[in-house]
Amino acid sequence: MSLKLRVMDLPPEGIEIALEMTREQAQAGLADLAGEPLTLAAALEGNLRVEKAGARILIKGRVRCAFQAVCARCLEEFILPVEEEIMVVFTPFTGEPTQEELEAEALNLEIFTGDEIDLWPFIKEHLVLGWPIKTLCREDCQGLCPVCGRNRNQGQCQCPTQSGHPGLAALKDLRDKLTN
């Protein structure tokens with residue numbers, strides 16, 4: 001997948017880019033990610049503004065799509081919408097690294113060489129960063145019963161409820177003996 005901008009072709013007033021990629025096109029661009037494969041459920045859309053600031057190129061905007069995900073609590077599949085704001089400043093490589101270029105990562109500054117900038121790696125990075133640490137189908141997901149495995153979102157089971165952590169059961173027994 002490639003979304004390349006020719007730096008020399010950018011007008012001084014900047015340009016607007018309306019991103020519209022089919023699910024298949026965007027999925028092909030995500031295929032090279034290591035680890036768990038991400039499956040898109042919808043097209044990738046977004047708007048980017050590209051502006052020149054001297055030798056630098058400022059890119060800002062939003063991208064959005066939806067992934068197929070599995071809930072971390074109930075293990076049900078659901079559609080996870082992801083919307084991320086993008087803001088990246090590109091500066092040309094000058095040959096010898098300056099202090100600013102050495103600190104580029106901390107400044108949200110990217111260095112480019114040549115006369116083209118490929119935006120796809122940065123869009124892909126922002127989509128992956130938008131993926132939550134814990135995917136939940138909904139905030140109040142009840143998860144699975146630890147005894148019978150029933151999805152508690154679909155109704156309560158008849159299993160006895162335990163209070164406290166099972167690893168602390170021996171301490172509870174000790175407490176009960178001491179209080180008697």
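Residues numbered from 1 in each chain as written. Predicted model: local features only at pLDDT ≥ 70, side-chain atom pairs only at ≥ 80, totals over all residues. Heavy atoms only, no water.

Visitor: Where do I start with the pattern of salt bridges in this structure?
Guide: Where charged atoms of side chains with opposite charge meet at close range, the side chains can pair. One pass over the full model with this rule turns up ten salt bridges. A salt bridge links Arg6 to Asp115; its shortest N-O distance comes to 2.9 Å. Linking Arg6 in strand E1 (residues 4-6) with Asp115 in the loop between strand E7 (109-112) and strand E8 (116-118), this pair joins segments that are 109 residues apart in sequence. Assessed through its relative accessible area of 36%, Arg6 is described here as partly exposed. For Asp115, a relative accessible area of 35% corresponds to the partly exposed category. (Salt bridge = Lys/Arg side-chain N within 4 Å of Asp/Glu carboxyl O. Helix = DSSP H or I, 4+ residues; strand = E, 2+ residues; numbered from the N terminus. Buried < 20%, exposed > 50% of the residue type's maximum accessible area, 1.4 Å probe, protein only.)

Visitor: Would you mind going over unusual backbone geometry with me for this structure?
Guide: One non-glycine residue, Leu75, lies in positive phi territory at about 65°. Here Leu75 lies in the loop between strand E5 (56-70) and strand E6 (77-92).

Visitor: Explanation requested: helix H1 (residues 23-30) in the structure shown.
Guide: Side chains of residues three or four places apart in an α-helix project in the same direction, reflecting 3.6 residues per turn. Within H1, burial applies to Ala26, Gly29 and Leu30. Buried positions in H1, seen along its axis, are confined to an arc of 100° and lie on one side of it. The elements touched by buried residues of H1 are strand E2 (15-21), strand E3 (39-40), strand E4 (44-53), E5 and helix H3 (120-129). (Arc of directions from axis to C-beta. Contact = heavy atoms within 4.5 Å.)

Visitor: What's the story with the packing of aromatic side chains in this structure? I'm lost.
Guide: Aromatic rings in a pair are described by how distant their centres are and how their planes are angled relative to each other. Taken as a whole, this structure holds two aromatic pairs when the rule is applied. Residues Phe67 and Trp131 carry aromatic rings whose centres are separated by 5.2 Å and whose planes lie at 75° to one another, so their mutual orientation is edge-to-face. Residue Phe67 is found in strand E5, and its partner Trp131 is found in the loop between H3 and helix H4 (169-179); the two are separated by 64 residues along the sequence. On the basis of relative accessible area, Phe67 is assigned to the buried category, the value being 0%. The class of Trp131 is partly exposed, set by a relative accessible area of 25%. Relative to Phe122, the ring of Phe90 lies with its centre 4.9 Å away and its plane at 85°, an arrangement referred to as edge-to-face. Of this pair, Phe90 sits in strand E6 while Phe122 sits in helix H3, placing them 32 residues apart in sequence. (Phe/Tyr/Trp six-rings, centres within 6.5 Å; stacked < 30°, edge-to-face > 60°.)

Visitor: Help me understand a nonpolar patch on the surface, please; the structure alone is not making it clear to me.
Guide: On the surface, Leu168, Leu171, Leu174 and Leu178 cluster together to form a nonpolar patch covering roughly 430 Å² of accessible area. For Leu178, the position within the fold is in helix H4. (Patch = residues over 30% accessible without salt bridge, like charges linked within 9 Å, V, L, I, M, F, W, Y side chains within 5 Å. Areas by Shrake-Rupley, 256 points an atom, 1.4 Å probe, with all protein chains shown as cover.)

Visitor: Can you walk me through the pairing of E5 in this structure?
Guide: Strand direction decides the pairing type here: E3 and E5, joined by two bridges, are antiparallel. Residue Thr39 lies in a different strand from E5, and its bridge partner there is Gln68. Pairing analysis gives nine bridges linking E4 to E5, with the strands arranged antiparallel. Along E5, the bridge assignment pairs Leu48 with Gly61. Hairpin connection, E4 to E5: the antiparallel pair is bridged by two residues, and Gly54 has positive phi, about 70°. Where E5 meets E6, 14 bridges bridge the pair, whose relative direction is antiparallel. What sits directly across from Ile57, in E6, is Phe90. (Pairing = 2+ DSSP bridges.)

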